[in-house]
Amino acid sequence: SNLWVTNASCFECETRKRDAGECPVSARGKCPKRAFCPHEKKCIACERASCEACGITCGDGDDVASLIESTRARCVFLDFDRTLC
């Protein structure tokens, strides 16, 4: 059933990959291991996940403004896919 299969992977295989620190979303394991967040167990590249422990925030312009106001950041790096570091 399609209910149990997403991104060409069943929920058990997806959980197994996440527990192993691998991206379950990309086909043929294209994502580097360093793109996988061990805290959220999500791929930052494929799933646009944010993780405070990793210092990664994904968002839009409002998120950038909020981040700068709340942290008094001296420098913000904006990636092409709106990932903030």
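We now turn to the structure provided with this report.

Points about the overall build of the protein chain
- A count of helical and extended segments in the protein chain gives 3 helices and 6 strands.
- Element order for the protein chain, N to C, with α for helix and β for strand: β-β-α-β-β-α-β-α-β.
- Residues classed as buried in the protein chain amount to 24% of the 85 residues present.
- Considering only contacts in the protein chain between residues 6 or more positions apart, those separated by 24 or more positions represent 19%.
- For the protein chain, the computed accessible surface area is about 6,300 Å², with 53% contributed by carbon and sulfur atoms.

Considering the pattern of salt bridges
- The final tally for this structure, using the stated rule, is 3 salt bridges.
- Taking the shortest distance from any N to any O, the salt bridge between Arg-18 and Glu-14 comes out at 2.9 Å. Of the two residues, Arg-18 and Glu-14 are both situated in helix α1 (residues 11–19); the distance of 4 residues between them amounts to about one turn of the helix.
- Looking at Arg-18, the relative accessible area reads 15%, which means it is buried.
- A single network of salt bridges, built from pairs that share partners, joins Glu-14, Arg-18 and Glu-47.

Topic: the environment of Ala-45
- As for its placement among the helices and strands, Ala-45 is situated in helix α2 (residues 44–47).
- Ala-45 sits 10 residues away from Ala-35 along the chain, and the two C-alpha atoms are 6.0 Å apart.
- The residues touching Ala-45, leaving out its near neighbours within four places in the chain, are Cys-31 and Ala-35.

A few points about the nonpolar core
- With 5 residues, the main nonpolar core is built from Cys-23, Cys-31, Ala-35, Phe-36 and Cys-43.
- The contacts of Ala-35, once residues within four sequence positions are left out, are Lys-42, Cys-43, Ile-44 and Ala-45.

What to know about unusual backbone geometry
- Here Lys-41, not a glycine, exhibits a phi torsion of approximately 55°, which is positive.
- With respect to the secondary-structure elements, Lys-41 resides in the loop between β3 (36–37) and β4 (42–43).
- Despite not being glycine, Arg-48 has its phi angle at roughly 50°, a positive value.
- Inspection of the secondary structure puts Arg-48 in the loop between α2 and β5 (57–58).

Notes on the side chain of Arg-18
- At 2.9 Å, the side chain of Arg-18 and the side chain of Glu-14 are in polar contact.
- If sequence neighbours within four positions are ignored, Arg-18 has contacts with Pro-24, Phe-36, Lys-41, Lys-42 and Glu-47.

Structural notes on the state of the cysteines
- One pass over the full model with this rule turns up 0 disulfides.
- Cysteine Cys-23 remains unbridged, with the sulfur of Cys-43 as its closest cysteine sulfur at 3.7 Å.

Cut-offs and rules
Residues numbered from 1 in each chain as written. Predicted model: local features only at pLDDT ≥ 70, side-chain atom pairs only at ≥ 80, totals over all residues. Heavy atoms only, no water. Helix = DSSP H or I, 4+ residues; strand = E, 2+ residues; numbered from the N terminus. Buried < 20%, exposed > 50% of the residue type's maximum accessible area, 1.4 Å probe, protein only. Contact = heavy atoms within 4.5 Å. Areas by Shrake-Rupley, 256 points an atom, 1.4 Å probe, with all protein chains shown as cover. Salt bridge = Lys/Arg side-chain N within 4 Å of Asp/Glu carboxyl O. Core = buried A, V, L, I, M, F, W, Y, C linked by side-chain atoms within 4.5 Å. Polar contact = N/O pair within 3.5 Å; in protein donor to acceptor, adjacent residues only side chain to side chain. Disulfide = S-S within 2.5 Å.

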